[in-house]
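# Remarks on the overall topology
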Amino acid sequence: MRIVVGLLSLPLWLLYAGQIISTVDFGVAQRLGLQEKPDNVDPVHSRLELWTARWDTCWLWTLPVAGVLMLIDHPWWPYAAMIGGAAFVDTGGREAAKNLGLRGQGVRTGSPAERRLLMGTCGYLLVTGGLAIAAGLNAAI
């Protein structure tokens, strides 16, 4: 399970890189498709996403690092997996809940394709984070 979760964690480096780009230049991130296009969203949503990206650059490195530790079988990998997994479960759930809540209040949160991509990403974060927690707990116990 360690190897599978480690491999599932590696693509999350791309998510982290996207959040760095969003933090440095949000307009570029929108043009690259890393953030919702400005025509498809309410300005308050874009502002929330900018601040979310800033926070994510501080926190979302944890599971990708844990994935590398899993793949090299470093003795700290179980603890890193539990911490990183918790970060990604929180992020996936919180972002899905935020988006659904904003949409429920009539806030434009992107095109249908952008919303599907967001929910798919949130699902990936929830599953990968949950598996990382389980793998870390299994190894630590």
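A brief structural summary. The shown structure was predicted, so the numbers you read here are calculated from the model rather than taken from an experiment.

Basis of the calculations
- Every residue gets a number counted from 1 within its own chain, in the order that chain's sequence is written.
- Per-residue local features are limited, in this predicted model, to residues with pLDDT of at least 70; the limit for side-chain atom pairs, both in listing and counting, is 80 or more; totals at the level of whole chains, interfaces and linings are taken over all residues.
- By convention in this description, side-chain values take in all heavy atoms of the structure and omit both hydrogens and water.
- Only buried residues count toward a nonpolar core, which is a set of Ala, Val, Leu, Ile, Met, Phe, Trp, Tyr and Cys residues joined through side-chain atoms within 4.5 Å.
- Whether a residue is buried, partly exposed or exposed follows from its accessible area with a 1.4 Å probe, protein chains only, as a fraction of its type maximum: under 20%, in between, or over 50%, in that order.
- Numbered from the N terminus, helices here are DSSP runs of H or I no shorter than four residues, and strands are runs of E no shorter than two.
- Residue contacts are counted whenever heavy atoms from the two residues lie within 4.5 Å of one another.
- Whenever Lys or Arg places a side-chain nitrogen within 4 Å of a carboxyl oxygen from Asp or Glu, that contact is recorded as a salt bridge.
- The patch calculation keeps residues exceeding 30% relative accessible area without a salt bridge and links them within 9 Å when they carry like charges or within 5 Å when they are nonpolar (Val, Leu, Ile, Met, Phe, Trp, Tyr).
- Only the protein chains shown count as covering a residue, and every accessible area follows the Shrake-Rupley method with a 1.4 Å probe.

### Things to note about the nonpolar core
- Leu63, Met70, Trp77, Phe88 and Ala132 are the most contacted members of the largest nonpolar core, which totals 16 residues.
- Looking at this core, the elements that each hand over two or more residues are helix H2 (12-24), helix H5 (62-71), helix H6 (77-104) and helix H7 (112-140).
- Among the elements that line this core, the one with the most residues is H6, at five residues.
- Here Trp77 is in contact with Arg2, Leu69, Met70, Ala135, Gly136 and Ala139, once residues within four sequence places are set aside.

### What about the pattern of salt bridges?
- In total, this model carries five salt bridges according to the counting rule given.
- Note that Lys98 is salt-bridged to Glu49, the shortest N-O span being 2.7 Å. Here Lys98 is found in helix H6, whereas its partner Glu49 is found in helix H4 (residues 43-59), with 49 residues between them in sequence. Of the two residues, Lys98 and Glu49, neither departs from the other in class, the shared state being buried.
- Salt-bridge contacts for Arg94 lead to Glu95; the nearest nitrogen and oxygen are separated by 2.9 Å.
- For Arg94, a relative accessible area of 31% translates into the label partly exposed.
- Residue class for Glu95 comes out buried when judged on its relative accessible area of 8%.
- Taken together, the salt bridges that share partners define one network made up of Glu49, Asp90, Arg94, Glu95 and Lys98.

### Focus on H5
- Most of H5 sits inside the fold, with seven of its 10 residues counted as buried.
- When we look at burial in H5, the residues that qualify are Thr62, Leu63, Pro64, Ala66, Gly67, Leu69 and Met70.
- At the exit of H5 stands Asp73, carrying a positive phi of roughly 55°.

### A few points about a nonpolar patch on the surface
- Where nonpolar side chains cluster on the molecular surface, the patch consists of Ile3, Leu7, Leu10, Trp13, Trp61, Val68, Leu71 and Ile72 and spans about 670 Å² of accessible area.
- Among the secondary structure elements, those contributing two or more residues to the nonpolar patch are helix H1 (2-9) and H5.
- With respect to the helices, strands and loops of the structure, Trp13 is situated in helix H2.
- By relative accessible area, which is 33% here, Trp13 ends up partly exposed.

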